[in-house]
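Structural description and commentary
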Amino acid sequence: MHLTAPVHRLKRRARDIARAEGIALSRALDRIAVAEGFAAWSHLAATLPRPAPTLLRRFDPGDLVLIAARPGHGKTLLALELAVDAVRAGRQAHVFTLDYHEAEVLARLRNLGADPASLGAGFHLDTSDDICADHILARLGAPGPGTVVVVDYLQILDQKRSHPPLDAQLRTLSEGAKRLGIIVLLISQVDRAYVRTGRDMPGLDDIRLPNPMDVGLLTKACFLQDGKIRFQDLAPSPA
């Protein structure tokens, strides 16, 4: 079945409906899916190519991975899908979000076709306002090698004045990833100026950085635009 528009545009349409009518995004997505001929968004999502399993195999313990895109291009869903696939592969996954409430994250998991209850003890969700690099590493305890940690999102880790500067937090996460053998996925915004460049895919120079940050600490990156993903190996994988 052919969709009437690319998936990222359908998602954007759903967000507009949710805002305009004051309904949950999950309801708006389901409405869009029905209009496309599916019973629910989860059924539509099940027909789409799934890049996460392939990407997950390209990440190594100790990696600090950037997942970056403009709003509405699927960066959060990709990160959540990677977390779900890690759990299904027998690993642990931790999602730390300063951007969404718990109910919103659980709804997004369902839209991916992942029943949160089925993920069991391998999946951990933290929506605390205290999220920062130190908080994340403290909550992890003693994670197993290859544990996937999603941070949502990079640019607001230092929004509290009591938290260290963004660059210091990135260094803490980088050191923690190498020491613990975990994979840290950093969801990131792309600056709106990228839209005027005419390029078909953003890059490191397009990352929105309200505060300075050493991008040289990143080991890999995934850029998303118009339903496409570009993987970039930025540095040798950590030993």
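Residues numbered from 1 in each chain as written. Predicted model: local features only at pLDDT ≥ 70, side-chain atom pairs only at ≥ 80, totals over all residues. Heavy atoms only, no water.

Time to look at the overall build of the protein. Looking only at helices and strands, the protein has eight helices and seven strands in total. For 239 residues, the compact-globule estimate of 2.2 N^0.38 gives 18 Å, and the protein sits close to it at 17 Å. C-alpha atoms of the protein, sized along the principal axes, occupy 50 × 45 × 35 Å. Split into buried and exposed, the 239 residues of the protein put 52% on the buried side. A sequence separation of at least 24 residues applies to 71% of the contacts in the protein between residues at least 6 apart. Accessible area of the protein: about 11,400 Å², with a carbon and sulfur share of 50%. Computed over 30 positive and 27 negative side-chain charges, the separation of the two mean positions in the protein equals 4 Å. (Helix = DSSP H or I, 4+ residues; strand = E, 2+ residues; numbered from the N terminus. Rg over C-alpha atoms; globule rule 2.2 N^0.38 Å. Buried < 20%, exposed > 50% of the residue type's maximum accessible area, 1.4 Å probe, protein only. Contact = heavy atoms within 4.5 Å. Areas by Shrake-Rupley, 256 points an atom, 1.4 Å probe, with all protein chains shown as cover. Lys, Arg positive; Asp, Glu negative; His and termini not counted. Charge placed at Lys NZ, Arg CZ, Asp CG, Glu CD.)

Of all seven residues that make up strand 5 (residues 183-189), six are buried, and the element is covered over most of its length. Both strand 1 (residues 64-69) and strand 5 contribute to a ladder of six bridges, which runs parallel. Residue pairing for strand 5: Leu-64 is matched across the bridge by Val-184. When strand 4 (residues 148-152) meets strand 5, the two strands line up parallel, connected through four bridges. Bridge pairing in strand 5 places Val-149 opposite Val-184. The handedness of the strand 4 to strand 5 crossover, carried by helix 8 (residues 166-180), is right-handed. (Pairing = 2+ DSSP bridges. Right-handed = clockwise from strand over helix to strand, strands pointing away.)

Across the five residues of strand 4, five count as buried, placing the element largely inside the fold. Here strand 4 shows two buried faces, one formed by Val-148, Val-150 and Asp-152 and the other by Val-149 and Val-151. Of the pairings in the sheet, the one linking strand 2 (residues 93-97) to strand 4 comprises five bridges and is parallel in character. In the sheet register, Thr-97 faces strand 4, and the bridge partner there is Asp-152.

What follows is about the packing of aromatic side chains. In the structure shown here, the tally under the stated rule is one aromatic pair. Note on Phe-59 and Phe-231: the rings are 6.3 Å apart at their centroids and 35° apart in plane angle, and the pair reads as tilted. Taken together, the residues Phe-59 in the loop between helix 4 (52-56) and strand 1 and Phe-231 in strand 7 (residues 228-233) connect sequence positions 172 residues apart. Summarising the burial analysis for this pair, Phe-59 and Phe-231 share the class buried. (Phe/Tyr/Trp six-rings, centres within 6.5 Å; stacked < 30°, edge-to-face > 60°.)

Right, let's get into the side chain of Gln-169. Tracing the sequence through the fold places Gln-169 in helix 8. What makes Gln-169 buried here is its relative accessible area of 1%. With near-sequence residues (within four places) excluded, Gln-169 lies in contact with Cys-132, Ala-133, Leu-157, Asp-158, His-163 and Pro-164.

Moving on, we come to empty space enclosed by the protein. The probe, sized like a water molecule, is rolled over the atoms to show the empty space still left. Applying the stated rule across the entire model yields one cavity of 30 Å³ or more. Approximately 50 Å³ is the volume attributed to the largest cavity. Contributing to the lining of the largest cavity are Thr-76, Leu-80, Val-95, Thr-97, Tyr-100, Val-105, Arg-108, Val-150, Asp-152 and Ile-187. Elements represented by at least two residues in the lining of the largest cavity include exactly helix 5 (75-88), strand 2, helix 6 (102-111) and strand 4. Grouping the constituent residues of the lining of the largest cavity by class yields six nonpolar, two polar and two charged. (1 Å grid on protein atoms, 1.4 Å probe; cavity = no way out; pocket = protein on both sides within 12 Å on 5 of 7 lines; lining within 4 Å. Points joined across faces, edges and corners; volume = space filled by probe spheres on them. Nonpolar A, V, L, I, M, F, W, Y, C, P; charged D, E, K, R; others polar.)

Attention now moves to the pattern of salt bridges. Applying the stated rule across the entire model yields nine salt bridges. With a shortest N-O distance of 2.7 Å, Lys-220 and Asp-63 are connected by a salt bridge. Of this pair, Lys-220 sits in strand 6 (residues 220-225) while Asp-63 sits in the loop between helix 4 and strand 1, placing them 157 residues apart in sequence. Assigned by exposure class, Lys-220 and Asp-63 land together as buried. Lys-160 is paired through a salt bridge with Asp-130; the nearest N and O atoms lie 3.0 Å apart. With Lys-160 in the loop between strand 4 and helix 8 and Asp-130 in the loop between strand 3 (123-126) and helix 7 (133-140), this pair connects stretches of sequence that are 30 residues apart. Look at Asp-130 and you get partly exposed, because its relative accessible area is 40%. A cluster of three or more residues bridged by salt bridges with shared partners is formed by Asp-60, Asp-63 and Lys-220. (Salt bridge = Lys/Arg side-chain N within 4 Å of Asp/Glu carboxyl O.)

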